[in-house]
Amino acid sequence: MGWYPWNEFGQEPQNEKLIKEIVDALVSSGLKEAGYTYMGPDEGICFYRDAGGKLTSNLDRYPSGLRGLGDYIHKKGLKYALYTDAGIRTCSKAMPGTKDHEFEDMAAFAEWRADYVKIDWCNTEGQDTAKTYRKLHDAQHAAGRPIVHSLCSWGEGEPWKWAASVGHLWRTTEDICAPGKADWSRAMKIAAANEKLYEAAGPGHWNDPDMMIVGMDGLSETQNRSFFSLWCMMAAPLMAGNDLRKMTPSTIQVLTNLEAIGINQDPLGIQGRIVRRNGKVEIWAGKRLFDGSQAVLVFNQGAASADVKVAWSDIGLAESEPLYVRNLWTHQTSGPHRGGISARVAPNDVALLRASKTNSFPVPPIIVADSYLVSLRAAGMTAQKLTGAITVKTNGSDELPLWKVRPGLPSWLSVAVRKTGKSQTLTSTASTAGLKNGLYHAVVRADNIEPVSGKPISVLYYDVDLEVMGRAGGRERN
Ligand code: GLA
């Protein structure tokens, strides 16, 4: 989940000011609390290649440099997304692509502390998709920073067949709109194409039907809700694409509906699919959720309201099964029902439902951190212990087990974890004994493991910077 600028803004006016304003809007609007995390510039003329072949920040547009922008994003408890291209130039040709510079460029992204890199497919004449993206994966791995690898070949090379071992998400189709203008009929074609690929999706490897158009000019409130329901049902990446500074209350309500987000972020990661069509009405199901319940979507693309019966056999259950049904937009539960449930659905509208044997509809973990960066500074001749804490909470229904810090921290750093209900504080302590002047950096990684099954629930990582100064002797970089 996150935000990307392309759908609303295109290349202009992407710059540091815009991105920072969107960061602030993402936090103040409540989107951050709903789980939106990854954000940053798209093809926003972010960097050049210098004469020595190294990527350098475009300081005209990003005066803090790309590392500075990343620090700003991390301090707000968000993750940093950047953009590049697998060919010789990006699509508008305004930025260099990674071809023949894969390893240096992925090292640059790691130095800027990107957590997510979208890699486009323009200007790639003669390149093989699978080989190119595998090389980029190897380069990311060599750069040593955990990074979400977002493939963007618009379905070229059929990445759903091979990209699960190379990246985390792959675009399945053309762009969802031209910048600034939502296009409902194109979005519906994209949803239809993406739906067919449901078997390829799963935890850590997702079909990406493109960034969302919710809240953009050209969509009604009903269409916003229906679009969001489709993306939730398809377990699609929820990258908002609208101007977060100018959202109506209804757009915010759609984008932050935690019950709908809960089915999107469900740990089983199953992509729902169309199980039955009745004229212009589709019934989507096949999406079992972590608590054994099932998500069901009724979508009416017809011109008139439709009365639709969802039979329990549509969702693979016996008609005699008594099920409670939660409406994820009205937030009301009814039942238990036997045999099925009927819904009246207006044109372009949906009924987004969750059916369960029990009258409880838990939301899975929605992880929100106050910061992903700890900056420590030690001055003076004597050894010191410095601490900095970050707090991570879940906005899901249940508390999480204690985060377990992975071994392998440098000797100057230790991390203690304390739990208070749904919040946990990770306190990083740096000890400067024996350290020379210089800058030290570590990435702290922690896992959340479900104690009974031993299965991972979530992972997190954050950066710790330590500056040591005022010691006798020279500077050293670690
Ligand atoms: C392609 C991608 C878009 C966007 C633009 C930038 O069209 O599919 O999402 O990144 O490039 O030029």
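To start, this report covers the structure provided alongside it.

**Focus on the site of the ligand**
Inference 1: Within the structure, the ligand sits among Trp6, Asp42, Glu43, Tyr83, Cys91, Lys118, Asp120, Cys152, Trp154, Arg171, Asp175 and Met211.
Inference 2: Between the ligand and the protein, one listed contact pairs an oxygen atom with a side-chain N or O atom of aspartate 42 at 2.7 Å.
Inference 3: Glutamate 43 is positioned such that a nitrogen or oxygen atom in its side chain is 2.4 Å from an oxygen atom of the ligand.
Inference 4: Grouping the constituent residues of the shell around the ligand by class yields six nonpolar, no polar and six charged.

**Focus on the environment of alanine 383**
Inference 1: With respect to the helices, strands and loops of the structure, alanine 383 is situated in the loop between strand 20 (373–379) and strand 21 (385–394).
Inference 2: For the pair alanine 383 and serine 431, spaced 48 residues apart in sequence, the C-alpha separation works out to 7.2 Å.
Inference 3: Residues in contact with alanine 383, not counting those within four places in the same chain, are Thr432, Ala433 and Arg471.

**Points about the state of the cysteines**
Inference 1: For the coordinates displayed, the defined rule picks out one disulfide.
Inference 2: Each sulfur of the disulfide joining cysteine 91 and cysteine 122 lies 2.0 Å from the other. Residues cysteine 91 and cysteine 122 are joined by a disulfide whose S-S torsion is about 90 degrees; by sign, that bridge is right-handed. Taken as a pair, cysteine 91 in the loop between strand 5 (79–85) and helix 4 (102–111) and cysteine 122 in the loop between strand 6 (116–120) and helix 5 (129–143) lie far apart in primary sequence, 31 residues in all.
Inference 3: On the accessibility criterion, cysteine 91 (32% relative accessible area) is partly exposed.
Inference 4: Of the cysteine sulfurs around cysteine 152, a residue in no disulfide, the closest is that of cysteine 91, at 7.2 Å.
Inference 5: With no disulfide of its own, cysteine 177 lies 13 Å from the sulfur of cysteine 152, the closest cysteine sulfur.

**Side note on the sheet that holds strand 10 (residues 239–240)**
Inference 1: Taken together, eight strands build an open sheet; the order of strands is 9-8-7-6-5-2-1-10 and the sheet is parallel. Edge positions in the sheet fall to strand 9 (206–208) and strand 10, since each has one partner strand and no second.
Inference 2: Note that strand 7 (residues 148–152) and strand 8 (residues 169–171) share two bridges and pair parallel. By the bridge assignment for strand 8, serine 150 is matched with leucine 169.
Inference 3: Each of strand 5 and strand 6 is contacted by helix 4, which is oriented at about 160 degrees to strand 5, the strand it contacts most.
Inference 4: Taken strand by strand, helix 5 contacts strand 6 and strand 7, and its axis lies near 160 degrees from that of strand 7.

**Observations regarding the pattern of salt bridges**
Inference 1: Taken as a whole and assessed by the stated rule, the structure comprises 32 salt bridges.
Inference 2: Between lysine 246 and aspartate 243 there is a salt bridge; the shortest N-O distance is 3.9 Å.
Inference 3: We classify lysine 246 as exposed; its relative accessible area is 63%.
Inference 4: Owing to a relative accessible area of 6%, aspartate 243 belongs among the buried residues under this scheme.

**Observations concerning the pairing of strand 7**
Inference 1: Counting buried positions along strand 7 yields five of five residues, so the element is predominantly enclosed.
Inference 2: Burial along strand 7 is two-sided: Val148, Ser150 and Cys152 facing one way and His149 and Leu151 facing the other are all buried.
Inference 3: The pairing of strand 6 with strand 7 spans five bridges and is classified as parallel. Residue pairing across strands places aspartate 120 opposite cysteine 152, the latter belonging to strand 7.
Inference 4: Note that the unit made of strand 6, helix 5 and strand 7 has a crossover that is right-handed.

**Some words on the side chain of serine 229**
Inference 1: Inspection of the secondary structure puts serine 229 in helix 7 (residues 221–233).
Inference 2: We classify serine 229 as buried; its relative accessible area is 0%.

**As for the nonpolar core**
Inference 1: Counting 95 residues, the largest nonpolar core has Tyr36, Met212, Phe228 and Trp231 as its most contacted members.
Inference 2: Among all residues touching tryptophan 231, those that are not within four sequence positions of it are Ile176, Ala187, Ile190, Ala191, Pro209, Asp210, Met212, Ala236, Pro237, Leu238 and Asn264.
Inference 3: Membership of the second largest hydrophobic core comes to 26 residues, among which are Val374, Ala378, Trp412 and Val415.

Rules and cut-offs
- Residues numbered from 1 in each chain as written.
- Predicted model: local features only at pLDDT ≥ 70, side-chain atom pairs only at ≥ 80, totals over all residues.
- Heavy atoms only, no water.
- Near = heavy atom within 4 Å.
- Polar contact = N/O pair within 3.5 Å; in protein donor to acceptor, adjacent residues only side chain to side chain.
- Nonpolar A, V, L, I, M, F, W, Y, C, P; charged D, E, K, R; others polar.
- Helix = DSSP H or I, 4+ residues; strand = E, 2+ residues; numbered from the N terminus.
- Contact = heavy atoms within 4.5 Å.
- Disulfide = S-S within 2.5 Å.
- Buried < 20%, exposed > 50% of the residue type's maximum accessible area, 1.4 Å probe, protein only.
- Pairing = 2+ DSSP bridges.
- Axes fitted to C-alpha atoms, helices over the stretch in contact; angles between N-to-C directions.
- Salt bridge = Lys/Arg side-chain N within 4 Å of Asp/Glu carboxyl O.
- Right-handed = clockwise from strand over helix to strand, strands pointing away.
- Core = buried A, V, L, I, M, F, W, Y, C linked by side-chain atoms within 4.5 Å.

From the geometry alone we can't say anything about function, so treat these as descriptive.
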